[in-house]
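Reading the structure
The lines below spell out each chain.
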Amino acid sequence: GQQVMQIPQYQHVQEGEDFTTYCNSSTTLSNIQWYKQRPGGHPVFLIQLVKSGEVKKQKRLTFQFGEAKKNSSLHITATQTTDVGTYFCAEKTSYDKVIFGPGTSLSVIP
Amino acid sequence: NAGVTQTPKFQVLKTGQSMTLQCAQDMNHEYMSWYRQDPGMGLRLIHYSVGAGITDQGEVPNGYNVSRSTTEDFPLRLLSAAPSQTSVYFCASSYIWGGTGELFFGEGSRLTVL
């Protein structure tokens, strides 16, 4: 079945450093969604990308969807302690079910 | 707006017991789903539904049953609990037509099976 991989699994950064997580698929993705889950919380939707090569920004967060629609990235500029959490990519399939990657856990050292 | 409501928040079961996790949404979403989250495994889809009377299996359906008799409710049943079902369970819903594709999650239900 479909499988979305994420790297790295864990990332520790000093506050103010940049952070990037990558989402990779062996098959073409219909779209890519990104979610953030704070420790002890529930996942919260960040964004959905649909078009090949699409780039979207939300303040310090930049989301990219690869030209071949097989990979995506989330980049955070100048991390803050409020960025701590696990970031998941996910695909909403043609059957409407949403399949998640394993996530990247980010910790920020003040 | 309550959004997605899950009950109970915590539950301890003995092996072999049965229970139902409740999920209700008040956003008139067509799509509802259940995930389990285990350390290092991300969110794995158990069952999902695209409307009342329609359900389908996700990635890890064994040991779980669902039904969707109304648009609002999507209960998850464990017929004979096993220690391997110890996990945090999330219910999530979304629009199928229109919207941003956003999944709205409940607060989660932490289940321990002894």
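Residues numbered from 1 in each chain as written. Chains lettered and ligands numbered in written order. Predicted model: local features only at pLDDT ≥ 70, side-chain atom pairs only at ≥ 80, totals over all residues. Heavy atoms only, no water.

Examining the sheet that holds strand β3 (residues 19–25) of chain B
Residue and element names in this part refer to chain B.
- Across the sheet, which stays open at both edges, the 4 strands sit in the order β1-β3-β8-β7 with antiparallel pairing between neighbours. Two strands close off the open sheet at either side, each with one partner strand: β1 (4–7) and β7 (64–66). Neighbour-to-neighbour, the strand axes of this sheet turn through a mean angle of 20°, independent of strand direction.
- Relative to strand β8 (residues 76–78), β7 is paired through 3 bridges, and the arrangement is antiparallel. Counterpart to Tyr 64 in the pairing with β8 is Leu 78. (Pairing = 2+ DSSP bridges. Helix = DSSP H or I, 4+ residues; strand = E, 2+ residues; numbered from the N terminus. Axes fitted to C-alpha atoms, helices over the stretch in contact; angles between N-to-C directions.)

Some points on the pattern of salt bridges
- For the structure shown, the criterion picks out 4 salt bridges over all chains.
- Of the charged contacts, one joins A:Arg60 and A:Asp83 as a salt bridge, the two residues approaching to 2.9 Å between their closest N and O atoms. Here A:Asp83 lies in the loop between β8 (71–76) and β9 (85–92) and A:Arg60 lies in the loop between β6 (55–58) and β7 (61–65), a separation of 23 residues in the sequence.
- A relative accessible area of 23% means that A:Arg60 is categorised as partly exposed.
- Judged by relative accessible area, which is 5%, A:Asp83 ranks as buried.
- A salt bridge links B:Asp38 to B:Arg44; the nearest nitrogen and oxygen atoms lie 2.8 Å apart. (Salt bridge = Lys/Arg side-chain N within 4 Å of Asp/Glu carboxyl O. Buried < 20%, exposed > 50% of the residue type's maximum accessible area, 1.4 Å probe, protein only.)

Re the pairing of β6(A)
All names here are of chain A.
- With 4 bridges connecting them, β6 and β7 associate as antiparallel partners. Within β7, the position partnered with Lys 57 by the bridge is Thr 62.
- Hairpin connection between β6 and β7: a loop of 2 residues separates the two successive antiparallel strands, and Lys 59 in this loop has a positive phi of roughly 55°.

Here we look at the packing of aromatic side chains
Residue and element names in this part refer to chain A.
- Scanning all chains against the criterion turns up 11 aromatic pairs over all chains.
- Ring centres of Tyr 35 and Phe 45 lie 5.5 Å apart, and the angle between their planes is 75°; this geometry places the pair in the edge-to-face category. Residue Tyr 35 is found in strand β4 (residues 32–37), and its partner Phe 45 is found in strand β5 (residues 44–49); the two are separated by 10 residues along the sequence.
- Residue class for Phe 45 comes out buried when judged on its relative accessible area of 14%.
- Ring centres of Phe 88 and Phe 100 lie 6.1 Å apart, and the angle between their planes is 85°; on these two criteria the pair is classed as edge-to-face. With a gap of 12 residues between them, Phe 88 in strand β9 and Phe 100 in strand β10 (residues 98–100) connect regions that are remote in the sequence. (Phe/Tyr/Trp six-rings, centres within 6.5 Å; stacked < 30°, edge-to-face > 60°.)

Re the sheet that holds β8(A)
Residues and elements named next belong to chain A.
- The strand order across the open sheet formed by 5 strands is β1-β3-β8-β7-β6, and the pairing between neighbours is antiparallel. Two strands in the sheet have a free side with no partner beyond their single neighbour: β1 (4–7) and β6. When the angles between neighbouring strand axes are averaged without regard to direction, this sheet yields 15°.

A closer look at the side chain of A:Thr86
- Topologically, A:Thr86 is positioned in strand β9.
- When neighbours within four sequence positions are excluded, A:Thr86 is seen to be in contact with A:Tyr35, A:Lys36, A:Gln37, A:Gly103, A:Thr104 and A:Ser105. (Contact = heavy atoms within 4.5 Å.)

With respect to the interface of chain A and chain B
- Taken together, the 19 residues of chain A in the interface contact 21 residues of chain B.
- Summing both sides of the interface, chain A and chain B together bury roughly 1,600 Å²; the carbon and sulfur share of this comes to 56%.
- The interface formed by chain A and chain B holds 6 residue pairs in polar contact (both at pLDDT 80 or more) in total.
- Residue classes in the side of chain A that touches chain B are distributed as 9 nonpolar, 7 polar and 3 charged. (Buried area = accessible area lost by both parts, 1.4 Å probe. Polar contact = N/O pair within 3.5 Å; in protein donor to acceptor, adjacent residues only side chain to side chain. Nonpolar A, V, L, I, M, F, W, Y, C, P; charged D, E, K, R; others polar.)

What to know about the state of the cysteines
- A complete count under the given rule lists 2 disulfides over all chains for this structure.
- One disulfide bridge connects A:Cys23 with A:Cys89, the sulfur atoms lying 2.1 Å from each other. As the torsion about the S-S bond is roughly 75°, the A:Cys23-A:Cys89 disulfide counts as right-handed. Here the residue A:Cys23 occupies a position in strand β3 (residues 19–25), and A:Cys89 occupies one in strand β9, the gap between them amounting to 66 residues.
- Across the disulfide from B:Cys23 sits B:Cys91; the S-S distance is 1.9 Å. Negative torsions about the S-S bond denote left-handed disulfides, and the value of about -75° found for B:Cys23 with B:Cys91 makes this one left-handed. (Disulfide = S-S within 2.5 Å.)

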